[in-house]
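Below are the chains, spelled out letter by letter.
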Amino acid sequence: MLDGVLVTSAARTVVDIARCTSFAAAVVVADTALARCMVTSAELLHVLSRCRRWPGSPHAQRVIAFADGRAESVGESRSRVAIALAGLPRPEPQWVVHDAGGRFIARTDFGWEQQRVVGEFDGLTKYGRLARPGQAPGDVVFAEKRREDEVRAEGITVVRWTWADLHPFESTAARLRRALTDSTAHSE
């Protein structure tokens, strides 16, 4: 009960949404619920087990198996879906880059450690609303450029994309595929 109204639990709500909406939309909801600690994977699996014969349950199982609470934005969740649909290797969300001496350089949206490639989804939020007090968008862009230079100095390829690149994703997928292939060829 919430203010006298009967409601479902967060886990049940996530599973119900995953049963009846698109894969991408359901992943966004599941990722967000996990990231905000509204649910745990165990709670989602428990609810799934209770409704395994309900319509849409196989779809919900795929969503919950794919969900990852490390996604920090809708754009990152949608990017993971696009990467998977493009048949690319699964990246490590929030991959951390250190220099040869172990100094922290960056936490990236996506990383393919073996191939030394990172992927960065760029929404406008990080250049505007997320700027620290007194920090202009240009300052944020400049800091991001310096951060990317440090990542590249470690022999890591950086591939960036925006909302406009998510649909259609083919050209971004091609750039990622090229980076992943090129870095694998160079490491052999």
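In the block above lies the structure referred to throughout.
Calculation rules
- Every chain's residues receive numbers from 1 upward, in the order its sequence appears when written.
- pLDDT decides what is reported in this predicted model: residues at 70 or higher carry local features, side-chain atom pairs at 80 or more are listed and counted, and totals for whole chains, interfaces and linings draw on all residues regardless.
- Computation of side-chain values: all heavy atoms of the structure, hydrogens and water removed.
- Between any two strands, at least two bridges found by DSSP are needed for them to pair.
- Segments assigned H or I by DSSP are reported as helices when at least four residues long, segments assigned E as strands when at least two residues long, and all are numbered from the N terminus.
- Lines fitted to the C-alpha atoms define the axes, with helices restricted to the stretch that makes contact. Angles between their N-to-C directions range from 0 to 180 degrees.
- Working rule for contacts: check all heavy atoms of both residues, and any pair within 4.5 Å makes them a contact.
- Two rings from Phe, Tyr or Trp (for Trp, the six-membered ring) form a pair when their centres sit within 6.5 Å of each other. Planes less than 30 degrees apart are called stacked, planes more than 60 degrees apart edge-to-face, and all others tilted.
- Buried residues are those whose accessible area, probed at 1.4 Å on protein chains only, stays under 20% of the maximum for their type, while exposed residues exceed 50% and partly exposed ones sit between those limits.
- In this text, buried Ala, Val, Leu, Ile, Met, Phe, Trp, Tyr and Cys residues form a nonpolar core when linked through side-chain atoms within 4.5 Å.

### Thoughts on the sheet that holds strand E3 (residues 117–121)
Sheet strands pair via backbone hydrogen bonds, and the direction of the pair is either parallel or antiparallel. On the basis of which strands lie adjacent, the open sheet formed by four strands has the order E1-E2-E3-E4 and mixed pairing. Two strands in the sheet have a free side with no partner beyond their single neighbour: strand E1 (92–98) and strand E4 (157–161). On average, each strand axis in the sheet is inclined to that of its neighbour by 45°, with strand direction left out of account. In this fold helix H5 (residues 74–85) packs onto E1, strand E2 (104–112), E3 and E4, with an angle of close to 45° to the strand it touches most, E2. Where helix H6 (residues 137–153) meets the sheet, its contacts fall on E2, E3 and E4, and the angle it forms with E2 comes to roughly 80°.

### Examining the packing of aromatic side chains
For the structure shown, the criterion picks out four aromatic pairs. Considering the side-chain rings of Phe121 and Trp163, the 5.0 Å spacing of their centres and the 85° angle between planes classify their relative orientation as edge-to-face. Here Phe121, found in strand E3, pairs with Trp163, found in helix H7 (residues 163–166); they are 42 residues apart in sequence, far enough to count as distant. We classify Phe121 as buried; its relative accessible area is 6%. Their ring planes at 85° and their centres at 6.2 Å tell us that Trp161 and Phe169 sit as a pair that is edge-to-face. Following the ring pairs from residue to residue traces out a cluster consisting of Phe110, Trp161 and Phe169.

### A closer look at the nonpolar core
By size, the foremost hydrophobic cluster in this structure holds 21 residues, and its most contacted members are Val14, Val15, Ala30, Val39, Leu44, Val63 and Ile64. When residues of this core are traced back to their parent elements, those giving at least two are helix H1 (10–20), helix H2 (23–35), helix H3 (41–50) and helix H4 (57–66). With sequence-adjacent residues up to four places away left out, Ala30 is seen in contact with Val14, Val63, Ile64 and Ala67. Counting residues in each nonpolar core, the second largest holds 15 residues, with Trp161, Leu166, Phe169 and Leu180 among its members.

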